[in-house]
2 protein chains.
Amino acid sequence: MKAQGVLVWLTGFSGAGKSTIAETALQQLQARGRLAYVLDGDRVRKGLCSDLGFSRDDRAENVRRIAEAGLLMADAGVVVLAAVIAPFRLDRDRVRARAPRGRFLEVFVDTPLDVCEARDPKGLYKMARKGLLQDFTGIDSPYEPPLHAELVLRTTETDALGLAQRLVDDIERRLSSSP
Amino acid sequence: MKAQGVLVWLTGFSGAGKSTIAETALQQLQARGRLAYVLDGDRVRKGLCSDLGFSRDDRAENVRRIAEAGLLMADAGVVVLAAVIAPFRLDRDRVRARAPRGRFLEVFVDTPLDVCEARDPKGLYKMARKGLLQDFTGIDSPYEPPLHAELVLRTTETDALGLAQRLVDDIERRLSSSP
């Protein structure tokens, strides 16, 4: 097992394909002998961030805590795949500023909102449109796409397996060229 | 590298020897091919828990967040050594309740308060006695020793190297007997 850590943040709308790509990349990384882990936004909200809601402040704190936990894991030698919307540029930039150089990769899972809403895998867009969910990203809360992501993955052009492969290749290339 | 995780919590007074034992055990675990990591209470207070103070509520939240981060790391396959006072039994029992069976070890670094105060490696007891630090465990805030710790380490009887060895042997024994 190679113990070389990095925090890879997959950002994008709900339903963009973040978790699917992360889980597929996880298997590929493990097959290559990497210790890897998916930090899933939904799961973390039941544990580390169980006291937080979806207000602007709480979203910032949610991203901050996931980043701090993820950076500890990366420091321990884990390739961390955080699949978390993190809609605000400021919050993501703060993560980048906290990470040691080269230990944070911002990956934009660039799926247009209308495609995400048409997929609606958890039925959340339908609920948000009915007003049953507040502050839902893309509906009544903004999403600020990355300006300088290390990688952009377009799920409308390539399938999850191909995108995960591209992500893993990118991670491996960066890890092998850093100390 | 063997990726089998567990959250080992070293509890005890400030100056009891928690960090020293944890750092020594870390080296021994790494020499055995384990992926291990020290979650240091002081360091975490500058990151994951930077917004928290030392009130009863904040101490509980501090322990809760460290536990959640530590359990994520353990789930990823890391042997996590949390060197954190965690003075209240209730808070530690909550960590145990959150952990999968056999994935939490409570280790009591049992150094008497007068010995810790005589050592005073960071000069904190002196400051607390002068009233310059509030809610300092052992001075004006209680410490509730574990009733059922998996392991008790007495620094007045054995040196840090010997205690770390005992800790590592115990961790290895438990990991090898669990799936």
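Shown above is the structure to which this text applies.
Quick caveat, the model's predicted, so the values are computed rather than measured.

Asks: Help me out: how do you make sense of the sheet that holds strand β4 (residues 104–109) of chain B in this one?
Replies: Two orientations exist for strands paired in a sheet by backbone hydrogen bonds: parallel and antiparallel. Residues and elements named next belong to chain B. Pairing within the open sheet is parallel, and its five strands lie in the order β2-β3-β1-β4-β5. One side of each edge strand has no neighbouring strand; the edge strands of this open sheet are β2 (36–40) and β5 (151–153). Mean inter-strand twist for the sheet, computed between neighbouring axes without regard to direction, equals 20°. Pairing geometry for β2 and strand β3 (residues 79–83), over five bridges, is parallel. When the sheet's bridge partners are listed, Tyr37 is paired in β3 with Val80. Contacts from helix α4 (residues 89–98) reach β1 (6–11) and β4 within the one sheet, and its direction differs from that of β4 by about 155°.

Asks: Please clarify how the interface of chain A and chain B should be interpreted in this entry.
Replies: By a widespread convention, an interface's size corresponds to the accessible area lost as its parts come together. Contacts between the two partners involve 15 residues from chain A and, on the opposite side, 15 residues from chain B. Those elements that provide at least two residues to the side of chain A that touches chain B are β2 (36–40) and α3 (56–76) of chain A. Here the side of chain A that touches chain B gets six residues from one element, more than from any other, and that element is α3 of chain A. Counted by class, the side of chain A that touches chain B contains eleven nonpolar, two polar and two charged residues.

Asks: What's the story with the relation of the copies chain A and chain B in this structure? I'm lost.
Replies: What connects the two chain copies is a rotation about an axis and a shift along it. In the superposition of chain A on chain B (RMSD 0.0 Å, axial shift 0.0 Å), the rotation amounts to 180°. Taken together, the rotation and translation describe the operation of a two-fold axis. Most of the interface of chain A is mirrored in chain B, where 100% of its interface residues are also at the interface.

Asks: Help me understand the nonpolar core in this model?
Replies: Generally speaking, soluble globular proteins have nonpolar side chains that are buried together. Counting residues in each nonpolar core, the largest one holds 98 residues, and the members touching the most others are Val8 and Leu81 of chain A together with Val8 and Leu81 of chain B. Excluding residues within four positions of it along the chain, Leu81 of chain A makes contact with Val8, Leu10, Ala22, Ala25, Leu26, Ala36, Tyr37, Val38 and Leu39 of chain A.

Asks: Explain α4 of chain B to me, please; I cannot follow it from the model alone.
Replies: An α-helical turn contains 3.6 residues, so any two residues separated by three or four positions project in the same direction. Residue and element names in this part refer to chain B. If you check which residues of α4 are buried, you get Asp91, Arg92 and Val95. All buried residues of α4 lie within an arc of 95° about the axis, which places them on one face of the element. Seen from the buried face of α4, the exposed residues on the opposite side, beyond 90 degrees, are Leu90 and Ala97.

Asks: Can you help me understand the environment of Leu153 of chain A in this one?
Replies: With respect to the helices and strands, Leu153 of chain A occurs in strand β5 (residues 151–153). A sequence separation of 44 residues divides Leu153 of chain A from Val109 of chain A, and the C-alpha atoms of the two residues are 4.9 Å apart.

Asks: Sorry, what's going on with the packing of helix α1 (residues 18–31) of chain B against helix α7 (residues 160–176) of chain B here?
Replies: A packed helix pair is summarised by two numbers, namely the angle formed by the two axes and the spacing between the axes. All names here are of chain B. Look at α1 against α7: their axes get within 8 Å of each other, and the N-to-C directions meet at 60°. By the criterion of interaxial angle, the relationship of α1 to α7 is oblique. Here the hand of the crossing between α1 and α7 comes out right-handed. Counting all contacts with α1, which are made through Thr20, Ile21, Thr24, Ala25, Gln28 and Leu29, the residues of α7 involved are Ala160, Leu161, Leu163, Ala164, Gln165, Leu167 and Val168.

Asks: Where do I start with the pairing of strand β3 (residues 79–83) of chain A in this structure?
Replies: Residues in a regular strand project their side chains so that they alternate between the two faces of the sheet. All names here are of chain A. Buried residues dominate β3, accounting for five of its five residues. By the alternation rule, side chains of β3 split into Val79, Leu81 and Ala83 and Val80 and Ala82, which are all buried. Where strand β1 (residues 6–11) meets β3, five bridges bridge the pair, whose relative direction is parallel. Counterpart to Trp9 in the pairing with β3 is Ala82.

Asks: For this particular structure, what's the right way to read the packing of α3 of chain A against helix α3 (residues 56–76) of chain B?
Replies: Between α3 of chain A and α3 of chain B, whose axes approach to 10 Å, the crossing angle comes to 40°. Put simply, α3 of chain A runs oblique to α3 of chain B. Two packed elements cross with a definite hand, and for α3 of chain A against α3 of chain B that hand is right-handed. Here Ala69, Leu72, Met73 and Ala76 of chain A of α3 of chain A lie close against α3 of chain B, whose contacting residues are Ala69, Leu72, Met73 and Ala76 of chain B. Looking at the contact of α3 of chain A with α3 of chain B residue by residue, the classes come out as eight nonpolar, no polar and no charged.

Rules and cut-offs
- Residues numbered from 1 in each chain as written.
- Chains lettered and ligands numbered in written order.
- Predicted model: local features only at pLDDT ≥ 70, side-chain atom pairs only at ≥ 80, totals over all residues.
- Pairing = 2+ DSSP bridges.
- Helix = DSSP H or I, 4+ residues; strand = E, 2+ residues; numbered from the N terminus.
- Axes fitted to C-alpha atoms, helices over the stretch in contact; angles between N-to-C directions.
- Contact = placed C-beta atoms within 7 Å.
- Nonpolar A, V, L, I, M, F, W, Y, C, P; charged D, E, K, R; others polar.
- Least-squares fit on C-alpha atoms with pLDDT ≥ 70 in both.
- Core = buried A, V, L, I, M, F, W, Y, C linked by C-beta atoms within 7 Å.
- Buried ≥ 20, exposed ≤ 12 C-beta atoms within 10 Å, placed from the backbone.
- Arc of directions from axis to C-beta.
- Parallel < 35°, antiparallel > 145°, perpendicular 65-115°, else oblique.
- Left-handed = near helix turned anticlockwise from the far one by under 90°.

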